[in-house]
Amino acid sequence: MLKITKDNATSLRGKSKPLALPLEEKWKTLLLSMLDYLRLTQDEKFREAHPSVREGVGLAAPQVGKNVRMLVISYDNPVEEGKEPTKTEYALVNPKIVFASPNLAYLRGGEGCLSVDKPHEGYVYRHESIKVEAYDLLKDQNVTIQAQGFDAIVLQHEIDHLEGILFYDRIDKADPFKVLPGSTAV
Ligand code: CO
C-alpha cells in the first residue's frame, strides 16, 4: 500500500518538477497506484480494516514523497434526479491554471487533507471557477478542464501541493472564519 507523507515531510514543502511527455512507465504506474489508493480510501470496509486511513477526494505526488507534477482526483458527483450517477475522476500531469475567476469560493466545512492529521479550522478561499490545462492519463490526451465550486476547490487544493502549499497556509490565523464580501460558500 502507498505510504502517505504527513505534513512534517520535506516533499510536501518543495516545489514539484514538470514531467516529460509521453510519460515514463514508472510515473504512469505511480499515478495509477495513487488513483487506486484514493479510490480505496472511499471504501468503508477498507477504512475499517486500516484505521489510520482517512477518506480523500484528491492526492498529489508530493504526498507520496515524489516532487513531480502529478495528481489524482476521484469522487462521486451529487446525483441529479432522473440521471445516472457520475464520477469526477482525473489523473493529471503538469496541470496548469490558465484562467482563474476574480470571485472566490470556500468550503463551508473547511478543507482537509490526507497528509494533515490535525484539524485546522477556518475558511480556505479559492477561485470560484478556473480553467486547467493538463495531460490526463485516464484519457491519454491533453485536456482542458473548466471547473467551478467544489470541483474548482479540489483542483486548486491539489495543484497547491505541487507548489509546496498546504490548505491551512491559506487560513487567516487572526480571523479564520472571516467571510469575504462577494464570496460563495460551497
Ligand atoms: Co491535500
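Above this text sits the structure in question.
What counts and how
- Residues numbered from 1 in each chain as written.
- Predicted model: local features only at pLDDT ≥ 70, side-chain atom pairs only at ≥ 80, totals over all residues.
- Heavy atoms only, no water.
- Helix = DSSP H or I, 4+ residues; strand = E, 2+ residues; numbered from the N terminus.
- Rg over C-alpha atoms; globule rule 2.2 N^0.38 Å.
- Buried < 20%, exposed > 50% of the residue type's maximum accessible area, 1.4 Å probe, protein only.
- Contact = heavy atoms within 4.5 Å.
- Areas by Shrake-Rupley, 256 points an atom, 1.4 Å probe, with all protein chains shown as cover.
- Lys, Arg positive; Asp, Glu negative; His and termini not counted.
- Charge placed at Lys NZ, Arg CZ, Asp CG, Glu CD.
- Pairing = 2+ DSSP bridges.
- Axes fitted to C-alpha atoms, helices over the stretch in contact; angles between N-to-C directions.

Peer 1: Mind laying out the overall build of the protein, listing which residues take part and the relevant values?
Peer 2: Of the regular secondary structure elements, the protein holds three helices and eight strands. Order of helices (α) and strands (β) in the protein, N terminus to C terminus: α-α-β-β-β-β-β-β-β-α-β. The C-alpha radius of gyration of the protein comes to 16 Å, within 12% of the 16 Å expected for a compact globule of 186 residues. In terms of principal-axis extent, the alpha carbons of the protein reach across some 45 × 40 × 35 Å. Each of the 186 residues in the protein was classed as buried or not, and the buried ones make up 47%. Across the protein, contacts joining residues at least 24 apart in sequence account for 71% of those joining residues at least 6 apart. As displayed, the protein has an accessible area near 10200 Å², and 52% of this comes from carbon and sulfur atoms. Across the protein, 24 positive and 27 negative side-chain charges occur, with their mean positions spaced 6 Å apart.

Peer 1: Could you give an account of the sheet that holds strand β1 (residues 58-60), with specific residues and numbers?
Peer 2: Spatially, β1-β2-β3-β6-β7 is the arrangement adopted by the five strands of the open sheet, whose pairing is antiparallel. Both edges of this open sheet fall to β1 and β7 (141-148), since each of them pairs with a single strand only. Between one strand axis and the next, the sheet turns by 35° as a mean value, whatever way the strands run. Here strand β6 (residues 129-136) pairs with β7 via eight bridges, running antiparallel. Counted as the bridge partner of D136 is Q141 from β7. Contacts between helix α1 (residues 25-41) and the sheet are confined to β1, β2 (70-76) and β3 (87-100), with β2 contributing the most and set at about 30° to the helix. On top of the sheet, helix α3 (residues 150-162) reaches β1, β2, β3, β6 and β7; it is set at about 155° to β2, its chief contact.

Note that every value here comes from positions in space, so none of it alone points to a role or purpose.
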